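# Report on the structure
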Amino acid sequence: PYAIAPGQRVFPRYGINGGPVQVVSTNGVPIFTSERTKYGNSFNEVLGYPGNKLATEYWFTWLDDASMITYLVIGNPSTTLTAHVDVYINGVKQNVTPYAIAPGQRVFPRYGVNSGAVQVVSDIPIFTSERSKYQSSFNEILGVPANQLTTDYWFTSLDDLGMTTELVIAAP
């Protein structure tokens, strides 16, 4: 295991393309983690999802797989149970039969649409993200668990002068 002193950090790399990825404190000391990705001329960082907060339903405001390459990544963290997952975009079920995701595996569905809101529903706790490639940039966001939806959201800033910025507001 990595020995990380209080207030310090490590940056391991593994030279693989795989997942799901689990980061665990082996001595019970609380940690937090993120995943940093460089793609083309872009940089993206996404926080790890807390294992004790996994849910069976997640939401995204949109999915654009028409003007960019966007796909969901749905991971099954269970070591024993197969997850059965359905995806709905704008209320319409996208998969004919549920995705059967074996323990410790993931799927990468694409749908060729630009629509939303996006709902991911499972029979056991899972986690999910949405990954987008646009020209030479890459972005990944985690789904919002349904049990964490609320009526009040905050952003640290909005710059629609130096760049093009828009809010995306969706109702489940």
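Our subject is the structure listed above.
Here we summarise the structure given alongside this text. (Residues numbered from 1 in each chain as written. Predicted model: local features only at pLDDT ≥ 70, side-chain atom pairs only at ≥ 80, totals over all residues. Heavy atoms only, no water.)

Below, the discussion takes up the side chain of Ser78. Position of Ser78 among the secondary structure elements: in the loop between strand S5 (69-75) and strand S6 (83-89). What makes Ser78 buried here is its relative accessible area of 16%. With residues up to four places along the chain from it excluded, the contact list for Ser78 reads Pro103, Gly104 and Ile124. (Helix = DSSP H or I, 4+ residues; strand = E, 2+ residues; numbered from the N terminus. Buried < 20%, exposed > 50% of the residue type's maximum accessible area, 1.4 Å probe, protein only. Contact = heavy atoms within 4.5 Å.)

Okay, a nonpolar patch on the surface next. On the surface, a nonpolar cluster with roughly 730 Å² of combined accessible area is contributed by Val144, Leu149, Tyr153, Phe155, Leu158, Leu167 and Ile169. Relative to the elements of secondary structure, Leu158 occurs in the segment after strand S13 (144-145). Looking at Leu158, the relative accessible area reads 49%, which means it is partly exposed. (Patch = residues over 30% accessible without salt bridge, like charges linked within 9 Å, V, L, I, M, F, W, Y side chains within 5 Å. Areas by Shrake-Rupley, 256 points an atom, 1.4 Å probe, with all protein chains shown as cover. Salt bridge = Lys/Arg side-chain N within 4 Å of Asp/Glu carboxyl O.)

The tendency in soluble globular proteins is for nonpolar side chains to be buried as a group. One finds Leu72, Ile74, Val85, Val87, Val118, Val120 and Ile126 to be the most contacted residues of the largest nonpolar core, which totals 17 residues. Where this core is concerned, the elements lending two or more residues are strand S3 (55-60), S5, S6 and strand S11 (118-134). (Core = buried A, V, L, I, M, F, W, Y, C linked by side-chain atoms within 4.5 Å.)

Once that is clear, we can look at unusual backbone geometry. Negative phi characterises most residues that are not glycine, and trans characterises most peptide bonds. Residue Gly19 is joined to Pro20 through a cis peptide bond whose omega torsion reads 0°. Mapped onto the fold, Pro20 is located in the segment before strand S1 (34-39). The step from Gly116 to Ala117 runs through a cis peptide bond, and the omega angle for that step is 5°. For Ala117, the position within the fold is in the loop between strand S10 (114-115) and S11. Phi at Asn90 takes a positive value of approximately 55°, unusual for a residue other than glycine. Checked against the element boundaries, Asn90 lands in the loop between S6 and strand S7 (92-93). Given a relative accessible area of 53%, Asn90 falls into the exposed group. We note that Gln135 has phi near 50°; this positive angle belongs to a residue other than glycine.

The next subject is the layout of surface pockets. Its volume calculated, the second largest pocket comes out at about 1,100 Å³. As for the second largest pocket, its lining consists of 25 residues, and the residues nearest its centre are Thr61, Phe155, Leu167, Val168 and Ile169. For the lining of the second largest pocket, the secondary-structure elements that each account for two or more residues are S3 and strand S12 (137-142). Classifying every residue of the lining of the second largest pocket gives 18 nonpolar, six polar and one charged. (1 Å grid on protein atoms, 1.4 Å probe; cavity = no way out; pocket = protein on both sides within 12 Å on 5 of 7 lines; lining within 4 Å. Points joined across faces, edges and corners; volume = space filled by probe spheres on them. Nonpolar A, V, L, I, M, F, W, Y, C, P; charged D, E, K, R; others polar.)

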